[in-house]
Every structure is written in C-alpha cells, then in structure tokens.
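Fold and contact review
Residues per chain are reported as follows:
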Amino acid sequence: MNDKPTLETRALRYLARREYSRFELEKKLSAHAPSPQLLIDLLDQLEQDGYLSAERFVEQAMRARRARFGSGRIVRELKDKGIEEHLIAQILPDLKKTDLETALHIWQKKFGTPPGDLKTRGKQIRFMISRGFSSDIVRQVLSQAEKEKI
C-alpha cells in the first residue's frame, strides 16, 4: 500500500487550512506533481469546483492585513502572490478610503506622541512608509498628531 497522499488530497488539505492564490498553491504542489500539466489540470479543476478562488483569497488577505498595513503594502503582497491587476483594482478604492484611519490607529499604537526631534520624526516616517502608507498619509498623520498635542 502506498501511504503518500495524492496531489489532489494535498491541495485540498492546504485549502482546508486557509485560502491560497493559484500561484502559491502551484508553488507548494510543484515538488509533488508527477508532471506540470497534471498540476495545471488539477488547479483548473479546483477553480471550476470553487475550492480555489482568487476573489476569496483577495478578500481574506485584505481583511487579515488591513489592521496592520497600508494599501501600498497590501497591494504589493497581492502582486507577489500572483493576483491579477483587475482584482487588485477592485479592492483598491476601499483600501485607500480607510488608509488615513488605519495609519492613525497604527501610529497611535506604536508611538502615541508626536516626534520631538528630526531623528524621531524620521524614524516614525520610515516605520509608517514600511507599513505601506503613502508619504501624503504619513504627513497627514504626523500633522494631525502635532495639532492634537497643542
């Protein structure tokens, strides 16, 4: 008897744990696939059956990452995971709409007080930009924080 799980079983086990993009799942399964064509056929079948969905993956990724990252970082991560541009374009307005609110929350949680000197200001700016917020959003956050300090 062969105890090795089939390619389809492996794929379903991965998908039972969390959503995957097609690119991610293909990468995970490629080492176990007898042939590239068999893997492509399996992924096509999983998409047709509704087990693999780029739309669901995008929604799940957006919900999971929104509280910790800005729209720039989320978009970059989705592109890295092989998500098509039109799907990213659909969620971008919602992400941008909440960027300032999210940035304020993250800044408040991490720093809480306006920067006292240029070194601290640079540190806060770099942190917020690394989280995926645009320089305009970061400027607004720091400006608002300084106004509230007075």
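Note: the structure precedes this text.
This text gives an overview of the structure that appears in the document.

Thresholds applied
- Residues numbered from 1 in each chain as written.
- Predicted model: local features only at pLDDT ≥ 70, side-chain atom pairs only at ≥ 80, totals over all residues.
- Heavy atoms only, no water.
- Helix = DSSP H or I, 4+ residues; strand = E, 2+ residues; numbered from the N terminus.
- Expected span 1.5 Å × (residues − 1).
- Buried < 20%, exposed > 50% of the residue type's maximum accessible area, 1.4 Å probe, protein only.
- Salt bridge = Lys/Arg side-chain N within 4 Å of Asp/Glu carboxyl O.
- Axes fitted to C-alpha atoms, helices over the stretch in contact; angles between N-to-C directions.
- Parallel < 35°, antiparallel > 145°, perpendicular 65-115°, else oblique.
- Left-handed = near helix turned anticlockwise from the far one by under 90°.
- Contact = heavy atoms within 4.5 Å.
- Nonpolar A, V, L, I, M, F, W, Y, C, P; charged D, E, K, R; others polar.

Along its 13 residues, helix α8 (residues 118-130) runs 18 Å from first to last C-alpha, staying within 8% of the 18 Å computed at 1.5 Å per residue. Looking only at α8, the buried set comprises Gly122, Gln124, Phe127 and Met128.

A word on the pattern of salt bridges. Under the criterion given, the structure shown has 12 salt bridges. Taking the shortest distance from any N to any O, the salt bridge between Arg66 and Asp99 comes out at 2.7 Å. Residue Arg66 is found in helix α4 (residues 54-66), and its partner Asp99 is found in helix α7 (residues 99-110); the two are separated by 33 residues along the sequence. Taking the relative accessible area as the measure of exposure, Asp99 reaches 3% and is therefore buried. Here Glu146 makes a salt bridge to Arg121, at a shortest N to O gap of 3.0 Å. With a gap of 25 residues between them, Glu146 in helix α9 (residues 135-149) and Arg121 in helix α8 connect regions that are remote in the sequence.

Another point: the packing of helix α1 (residues 7-17) against helix α3 (residues 36-49). It is the contact of α1 with α3, at a shortest axis distance of 11 Å, that shows an interaxial angle of 45 degrees. Taken together, the axes of α1 and α3 lie oblique to each other. The interaxial crossing formed by α1 with α3 has right-handed handedness. Contacts from Leu7, Glu8, Ala11, Leu12 and Leu15 in α1 reach Leu39, Leu42 and Leu46 in α3. When grouped by side-chain class, the residues that make up the contact of α1 with α3 number seven nonpolar, no polar and one charged.

Here we come to the packing of α4 against helix α5 (residues 71-80). Where α4 meets α5, the axes come as close as 11 Å, and the angle between the chain directions of the two elements is 145 degrees. As for the relative orientation of α4 and α5, their crossing is right-handed in sense. Of the residues in α5, those touching α4 at Phe57, Val58, Ala61, Arg65 and Arg66 are Ser71, Arg73, Ile74, Glu77 and Leu78. Of the residues contributing to the contact of α4 with α5, the split by class is five nonpolar, one polar and four charged.

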